[in-house]
Amino acid sequence: MTASRTLATAARVLHQIRHDHRTVALMLAVPILLMTLLKYVWIDSPELFNSAGTSLLGIFPFLVMFVVTSVATLRERQTGTLERLLAMPIGKGDLLVGYLLAFGLMALIQSVLAVGVSLWLLGLQVAGSTWSLTLVAVLVALLGTACGLALSAFAQTEFQAVQFMPAFVLPQFLLCGLLAPRDQMVTVLSAISDVLPLSYAVDAATDIATNAQLDSGTWTSMAVVAAFIVGAVGLGAATLRRRTP
């Protein structure tokens, strides 16, 4: 893997994204719209908005980036772009990390906008700092990007890629601790939740919502999310085929 090839891949993907206005609108606007909707759903329960809204502020970017990345990567495979690129002297790592950098930049912009609107316009109140909440949101958005890159290899059509949403994302949403404390779940479900990345994202967001200072548990949760990102990119490199079936 070389820096020049990785950056060239990232620049190419960013150029494509810049000309796809609907995708840009989806990535940047949907988390803000969902948080706004959530605000008015819980307009009479601000404490509920503050507690659950902090976790959902991380989950919403995950959902959006997962769908956009998986569909975009699959589309490049279907059009033969990936096959042509891999026929050139470029490694799988260059390709996947380039994609991660490009969509990661979009994730950063998306997270900054969503956190800013939630805190300063919608009145979301957290005990922790703005930068720590933004960091968690960016990490979770990158997690969605990495998972989308990895799982797109197992889909043959865009419809199949979207089907990974209920199969991969919704179980994590149910078991991540947002709807019920993980330590109060039955033993099997609690054990499953311990190996799901969104569980640690919710743990980190909950810590930031309730604690003014970041403790070791918060850093550990964020480190676990980062490890899942690296693992997902590694899985994507292992499953990326040089020839389109």
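Here is what the cut-offs are and how they apply
Residues numbered from 1 in each chain as written. Predicted model: local features only at pLDDT ≥ 70, side-chain atom pairs only at ≥ 80, totals over all residues. Heavy atoms only, no water. Helix = DSSP H or I, 4+ residues; strand = E, 2+ residues; numbered from the N terminus. Contact = heavy atoms within 4.5 Å. pLDDT = per-residue confidence, 0-100. Axes fitted to C-alpha atoms, helices over the stretch in contact; angles between N-to-C directions. Parallel < 35°, antiparallel > 145°, perpendicular 65-115°, else oblique. Left-handed = near helix turned anticlockwise from the far one by under 90°. Nonpolar A, V, L, I, M, F, W, Y, C, P; charged D, E, K, R; others polar. Expected span 1.5 Å × (residues − 1). Bend = angle between axes of the 7 residues up to and from the residue. Buried < 20%, exposed > 50% of the residue type's maximum accessible area, 1.4 Å probe, protein only. Core = buried A, V, L, I, M, F, W, Y, C linked by side-chain atoms within 4.5 Å.

### Observations concerning the environment of Lys-39
Thinking step 1. Within the secondary structure layout, Lys-39 lies in helix 2 (residues 21-41).
Thinking step 2. Taking C-alpha positions, Lys-39 is 13 Å from Val-115, a pair spaced 76 residues apart along the chain.
Thinking step 3. Residue contacts for Lys-39: discarding those within four places in its chain leaves Phe-49 and Leu-122.

### A few points about the confidence of the model for the protein chain
Fine structural detail should not be taken from predicted coordinates in areas where pLDDT scores are low.
Thinking step 1. Summary statistics for the protein chain give a mean pLDDT of 84 and a share of 91% for residues scoring 70 or more.
Thinking step 2. The lowest-confidence element of the protein chain is helix 4 (residues 81-86), averaging 63 in pLDDT; the highest-confidence one is helix 8 (residues 187-193), averaging 92.

### Things to note about the packing of helix 6 (residues 130-151) against helix 10 (residues 216-239)
Thinking step 1. Interaxial distance between helix 6 and helix 10 falls to 8 Å at its minimum, and their mutual angle equals 20°. Taken as axis vectors, helix 6 and helix 10 run roughly parallel relative to one another. Two packed elements cross with a definite hand, and for helix 6 against helix 10 that hand is left-handed. Along its contact with helix 6, which presents Trp-131, Leu-135, Val-136, Leu-139, Leu-142, Leu-143, Ala-146, Cys-147 and Ala-150, the element helix 10 presents Trp-219, Met-222, Val-225, Phe-228, Ile-229, Ala-232, Val-233, Leu-235, Gly-236 and Thr-239.
Thinking step 2. Within the contact of helix 6 with helix 10, the residues separate by chemical class into 17 nonpolar, 2 polar and no charged.

### Description of helix 2
Count 3.6 residues to each turn of an α-helix, and residues three or four apart come out pointing the same way.
Thinking step 1. Taking 1.5 Å of rise per residue, the 21 residues of helix 2 would be expected to cover 30 Å, and the 29 Å separating its terminal C-alpha atoms lies within 8% of that figure.
Thinking step 2. For helix 2, the principal kink sits at Ala-29 and spans about 40°; a proline, Pro-31, occurs within the next four residues.
Thinking step 3. Turning to helix 2, its buried residues number three or more, namely Thr-23, Met-27, Leu-28, Pro-31, Ile-32, Met-35 and Leu-38.

### Focus: the nonpolar core
Thinking step 1. Met-27, Phe-103 and Ile-229 are the most contacted members of the largest nonpolar core, which totals 67 residues.
Thinking step 2. Among the secondary structure elements, those contributing two or more residues to this core are helix 1 (3-18), helix 2, helix 3 (46-78), helix 5 (92-120), helix 6, helix 7 (158-175), helix 9 (197-210) and helix 10.
Thinking step 3. The element best represented in this core is helix 6, accounting for 13 residues.
Thinking step 4. Setting aside chain neighbours within four positions, we find Ile-229 in contact with Leu-100, Leu-139, Leu-142, Leu-143 and Ala-146.

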